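# Chain and residue survey
Listed here are the chains, written in short residue letters.
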Amino acid sequence: MPSKAPTPVFDGHNDVLLRLFKKTGTSTPENDFLLGDGEGHLDLPRMLQGGFAGGLFAVYVPSAGLTLDKLNELMRGADYDVPLPSLLEAAAALPTALAMIAILYRIERASDGAFMVCRTGGELRRCLETGVIGAVLHMEGAEAIDPGLNALEVFHQAGLRSLGPVWSRPTIFGHGVPFRFPSTGDTGPGLTDAGKALVKACNELGVAIDLSHMTEQGFWDVARVSTKPLIASHSNAHAICPHARNLTDKQLAAIAHSGGLVGLNFATCFLRPDGQKGEGTEIDLMLRHLDHLIAKLGVDHVGLGSDFDGAYIPESIGDVKGLPVLVAALRRHGYDDATLNLLCHENWISVLERTWS
Ligand code: ZN
């Protein structure tokens, strides 16, 4: 049988820009990415191997002292509750955000047409057809945006098409959920007045609002204020893994009602019923979450949201080269080609098109 090209995957969340940002000063991050440094989960050669066709590339400003390793260490034990980091001022966050956006554009410029930052659904579809990696500029936490939303205006012109008002910490716009297990996402207040204005401005500009990391209160505030489909780019089913970061069936029903989307997060702590960063996490567990999400949302409203380079993921996937392992498992599980296309890329592109128009 001739070997088939891997099913193209459009992925709802990665943190490769953070990984590359941390290398600034010791190397040329764009070259490391394009030539393939083999570190973390993502670089261009491995993406092409794994069928990674594009996705949301997050700009995330780290809190001092809270590395991914530290976070993993704090999430041990039968239950845990990582304290929320304190608010970062826009003036402190802006240079880091700009540095990460600059890395994204340096990658595009040096890629010789192999990597493109997309601003429209048409551009995303052309990338999918031609094998160019189609990147969407996303911000995970609105720390770098001022209350007057001047920076939002400029970031939108610079290609920003998706924004999470909060990561798991407070901003002037709202409150994030802590890494708490077991817990619902009902852990604190929702959107501030500035946050409601931010959502309205994003609706008007055509910037998607990402609900992953929001408190439940914040989720319902966005559901009330926003006129666009509700999107949680990298979250799982609370019914299977009762982590504060996951979505209850009631939230899933609201997302379905809005014509929105949930991207399956590969992080073991959001997959496993015990909430642990556990070794030996089986792909079957990812299938259980997908089945639940599809049962609650419908097959047109589920996608992938790997959290590559931002989380500990099942060893059987390993890094982006392991995407075909997941796709093969989905096929064995009984999803036909049409369903695979929806889950792997079409639903994401469709929801972004509808949100940006
Ligand atoms: Zn995240």
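Since the structure is predicted, the reported quantities are computational estimates derived from the model, not experimental observations.

### With respect to the nonpolar core
One finds I145 and F266 to be the most contacted residues of the largest nonpolar core, which totals 99 residues. The leading source of residues in this core is helix α12 (residues 283-297), at eight residues. For I145, the residues in contact, after removing those within four places along its chain, are A90, M139, A151, L152, F155, L163, I172 and F173. Within the second largest apolar cluster, 15 residues are counted, among which are L56, L261, L352 and W356.

### With respect to the packing of aromatic side chains
Scanning all chains against the criterion turns up ten aromatic pairs. For the ring pair F57 and F115, a centre distance of 5.5 Å and an interplane angle of 90° mean the geometry is edge-to-face. Taken together, the residues F57 in strand β2 (residues 52-59) and F115 in strand β4 (residues 115-117) connect sequence positions 58 residues apart. The two residues F57 and F115 agree in class, both being buried. Where Y80 meets F181, the ring centres are 5.9 Å apart and the plane angle is 25°; that geometry is what we call stacked. Highlighted residues: Y80 in strand β3 (residues 80-81) and F181 in strand β7 (residues 180-181), separated in sequence by 101 residues. For Y80, a relative accessible area of 5% corresponds to the buried category. When its relative accessible area of 6% is taken as the criterion, F181 is described as buried. Aromatic rings pair up to connect F33, F52, F57 and F115 into one cluster. Against the face of F270 rests R245, its NZ or CZ located 4.7 Å from the ring centre.

### Here's the deal with α12
With 15 residues, α12 extends 21 Å from end C-alpha to end C-alpha; this agrees with the ideal 21 Å at 1.5 Å per step. Looking only at α12, the buried set comprises I283, L285, M286, L287, H289, L290, H292, L293, I294 and L297. On the buried face of α12, the contacting elements are α10 (249-257), β10 (261-264), α11 (268-271), β11 (302-304), α13 (323-332) and α14 (337-356).

### Topic: the pairing of strand β5 (residues 133-140)
Where burial is concerned, most of β5 is hidden: eight out of the eight residues are buried. Burial of β5 is two-sided: the residues I133, A135, L137 and M139 facing one way and the residues G134, V136, H138 and E140 facing the other way are all buried. Of the strand pairs in this sheet, β2 and β5 are connected by six bridges, and their pairing is parallel. Bridge pairing in β5 places G55 opposite A135. Bridge count between β4 and β5: three bridges; the pairing is parallel. Note that in β5 the partner of V117 across the bridge is A135. You can see the chain leave β4, run along helix α6 (residues 121-130) and come back into β5, and the turn it takes is right-handed.

### Topic: helix α7 (residues 150-157)
All of the buried residues along α7 are A151, L152, F155 and H156. End-on, the buried residues of α7 take up no more than an arc of 135°, which puts them together on one face. Turned more than 90 degrees off the buried face of α7, the exposed positions are N150, V154 and Q157. Tucked inside the fold, the buried residues of α7 contact α5 (90-110), β5, β6 (160-164) and α8 (193-205). Just downstream of α7, G159 is the residue with a positive phi angle, here 105°.

### Side note on the environment of H292
As for its position among the elements, H292 is in helix α12. The exposure class of H292 is buried, given its relative accessible area of 16%. Taking the C-alpha atoms as reference, H292 lies 23 Å from V222; in sequence the two are 70 residues apart. Those residues in contact with H292 that sit more than four places away from it in its chain are A237, A239, I240, D249 and L252.

What counts as what
Residues numbered from 1 in each chain as written. Predicted model: local features only at pLDDT ≥ 70, side-chain atom pairs only at ≥ 80, totals over all residues. Heavy atoms only, no water. Core = buried A, V, L, I, M, F, W, Y, C linked by side-chain atoms within 4.5 Å. Buried < 20%, exposed > 50% of the residue type's maximum accessible area, 1.4 Å probe, protein only. Helix = DSSP H or I, 4+ residues; strand = E, 2+ residues; numbered from the N terminus. Contact = heavy atoms within 4.5 Å. Phe/Tyr/Trp six-rings, centres within 6.5 Å; stacked < 30°, edge-to-face > 60°. Lys NZ or Arg CZ within 6 Å of the ring centre and 35° of its normal. Expected span 1.5 Å × (residues − 1). Pairing = 2+ DSSP bridges. Right-handed = clockwise from strand over helix to strand, strands pointing away. Arc of directions from axis to C-beta.

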